[in-house]
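The primary structure of each chain is shown beneath.
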Amino acid sequence: LGTSAYAVWLETRRPITLATASLAFDNLLTFQEGANGLNLLQAARVSITKGDMNRALQLCATTVLEFPDAPSHVMSQVVFLSALVQHHLKMDTATIIEYMVSLIPLPPNGLTDDHILLQLARIHESIGNYTDSKAAGLEIYSTLKRRRKLPKGVHTFQQWYTSPEMWMSFAHDYTTH
């Protein structure tokens, strides 16, 4: 029920379906049989959507600690969400960077190493580490240039980094996966 209600909420943005998803996951997770990596991940997503970042972080930690053998696609999403929530809560940046770096070889479903590098660039930028921020951004730019996937008319790193199309493309990928 939680998964279905959350899927409906993603389509309709009706508050009642988000409340239903939250309640369904709360009930499900009271039973040992309902607690598994995927259900905890989905409950964490619902918590983030509701704005309860501490609950989301708790659910991510529970997944890592109690279900370390969860499928890799679940675990990578859990680590990604955990890093983003920790960044939002202004927690230890070194840990957040470590989490993100660990995702480069196996990014969450639907994302690529470029998405992870972009997050790393933004994290470094937020703490004033502009050298590492630019290095991560240049890595993405260089890869896209080699693959001939730069938007038309973009010939420099600065043009690419300030291009609204680049940001919208990444934003679309984050919101659909």
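Residues numbered from 1 in each chain as written. Predicted model: local features only at pLDDT ≥ 70, side-chain atom pairs only at ≥ 80, totals over all residues. Heavy atoms only, no water.

S.K.: Teacher, can you tell me more about the overall build of the protein chain here?
M.R.: Per the secondary structure count, the protein chain includes 10 helices and 0 strands. Ordered by position in the sequence, the α and β elements of the protein chain form the string α-α-α-α-α-α-α-α-α-α. Seen along its three principal axes, the alpha-carbon backbone of the protein chain occupies a region of about 55 × 35 × 25 Å. Residue burial in the protein chain is summarised as follows: out of 177 residues, 41% are buried. Accessible surface, the protein chain: about 10,200 Å² in total, of which carbon and sulfur atoms supply 57%. Each charge class in the protein chain can be summarised by its mean position, and for the 14 positive and 15 negative side chains these summaries are 11 Å apart. (Helix = DSSP H or I, 4+ residues; strand = E, 2+ residues; numbered from the N terminus. Buried < 20%, exposed > 50% of the residue type's maximum accessible area, 1.4 Å probe, protein only. Areas by Shrake-Rupley, 256 points an atom, 1.4 Å probe, with all protein chains shown as cover. Lys, Arg positive; Asp, Glu negative; His and termini not counted. Charge placed at Lys NZ, Arg CZ, Asp CG, Glu CD.)

S.K.: Where do I start with the pattern of salt bridges in this structure?
M.R.: A pair can form between side chains of opposite charge whenever their charged atoms are brought close. In the structure shown here, the tally under the stated rule is 2 salt bridges. Close ionic contact of Asp26 with Arg55 constitutes a salt bridge, the shortest N to O distance being 3.7 Å. Remark: Arg55 occurs in helix 4 (residues 53–66) and Asp26 occurs in helix 2 (residues 15–28); sequence separation between them is 29 residues. By relative accessible area, which is 37% here, Asp26 ends up partly exposed. For Glu125, the salt bridge identified is with Arg122, shortest N-O distance 2.8 Å. In this pair, Glu125 and Arg122 are both assigned in helix 7 (residues 113–126), 3 residues apart and thus about one turn of the helix distant. Classification of Glu125 as partly exposed rests on a relative accessible area of 27%. With relative accessibility at 39%, the residue Arg122 sits in the partly exposed group. (Salt bridge = Lys/Arg side-chain N within 4 Å of Asp/Glu carboxyl O.)

S.K.: What is the right way to read the packing of aromatic side chains from this model?
M.R.: What characterises a pair of aromatic rings is the spacing of the ring centres plus the angle enclosed by the ring planes. Using the criterion set out here, one finds 6 aromatic pairs in the structure. Each ring, one from Tyr141 and one from Phe157, has its centre 6.0 Å from the other, and the planes form 80°; the classification is edge-to-face. Pair noted here: Tyr141 is in helix 8 (residues 130–146) and Phe157 is in helix 9 (residues 157–161), with a separation of 16 residues, a long-range link. Accessibility assignment for this pair places Tyr141 and Phe157 in one class, buried. Seen in terms of ring centroids, Tyr141 and Trp160 are 6.1 Å apart; in terms of plane orientation they differ by 50°. Their pairing is tilted. Placement of Tyr141 in helix 8 and of Trp160 in helix 9 is noted, with a sequence separation of 19 residues between them. Residue class for Tyr141 comes out buried when judged on its relative accessible area of 7%. Put simply, the rings of Tyr141, Phe157, Trp160, Tyr161 and Trp167 touch in pairs and so form one group of aromatic residues. (Phe/Tyr/Trp six-rings, centres within 6.5 Å; stacked < 30°, edge-to-face > 60°.)

S.K.: Help me understand the side chain of Gln119, please; the structure alone is not making it clear to me.
M.R.: Looking at the secondary structure, you find Gln119 in helix 7. By relative accessible area, which is 15% here, Gln119 ends up buried. When neighbours within four sequence positions are excluded, Gln119 is seen to be in contact with Phe80, Leu84, Met100 and Tyr174. (Contact = heavy atoms within 4.5 Å.)

S.K.: Can you help me understand the packing of helix 4 against helix 5 (residues 72–88) in this one?
M.R.: Packed helix pairs are specified by the crossing angle of their axes together with the interaxial distance, meaning the distance between the axes. Between helix 4 and helix 5, whose axes approach to 9 Å, the crossing angle comes to 145°. Along this stretch, helix 4 crosses helix 5, giving a crossing that reads as left-handed. Seen from helix 4, the contacting residues are Met53, Ala56, Leu57, Cys60, Thr63 and Val64; seen from helix 5, they are Met75, Val78, Leu81, Ser82, Val85, Gln86 and His88. Here the residues of the contact of helix 4 with helix 5 sort into 9 nonpolar, 4 polar and no charged. (Axes fitted to C-alpha atoms, helices over the stretch in contact; angles between N-to-C directions. Left-handed = near helix turned anticlockwise from the far one by under 90°. Nonpolar A, V, L, I, M, F, W, Y, C, P; charged D, E, K, R; others polar.)

S.K.: Explanation requested: the packing of helix 2 against helix 3 (residues 37–50) in the structure shown.
M.R.: Two elements in contact, helix 2 and helix 3, have axes whose closest approach is 10 Å; the angle formed by their N-to-C orientations is 140°. Accordingly, the angle class assigned to the pair helix 2 and helix 3 is oblique. Taken as a pair, helix 2 and helix 3 cross one another with a handedness that is left-handed. Counting all contacts with helix 2, which are made through Leu18, Ala21, Ser22, Phe25 and Leu28, the residues of helix 3 involved are Asn39, Gln42, Ala43, Val46, Thr49 and Lys50. Here the contact of helix 2 with helix 3 is composed, by residue class, of 6 nonpolar, 4 polar and 1 charged. (Parallel < 35°, antiparallel > 145°, perpendicular 65-115°, else oblique.)

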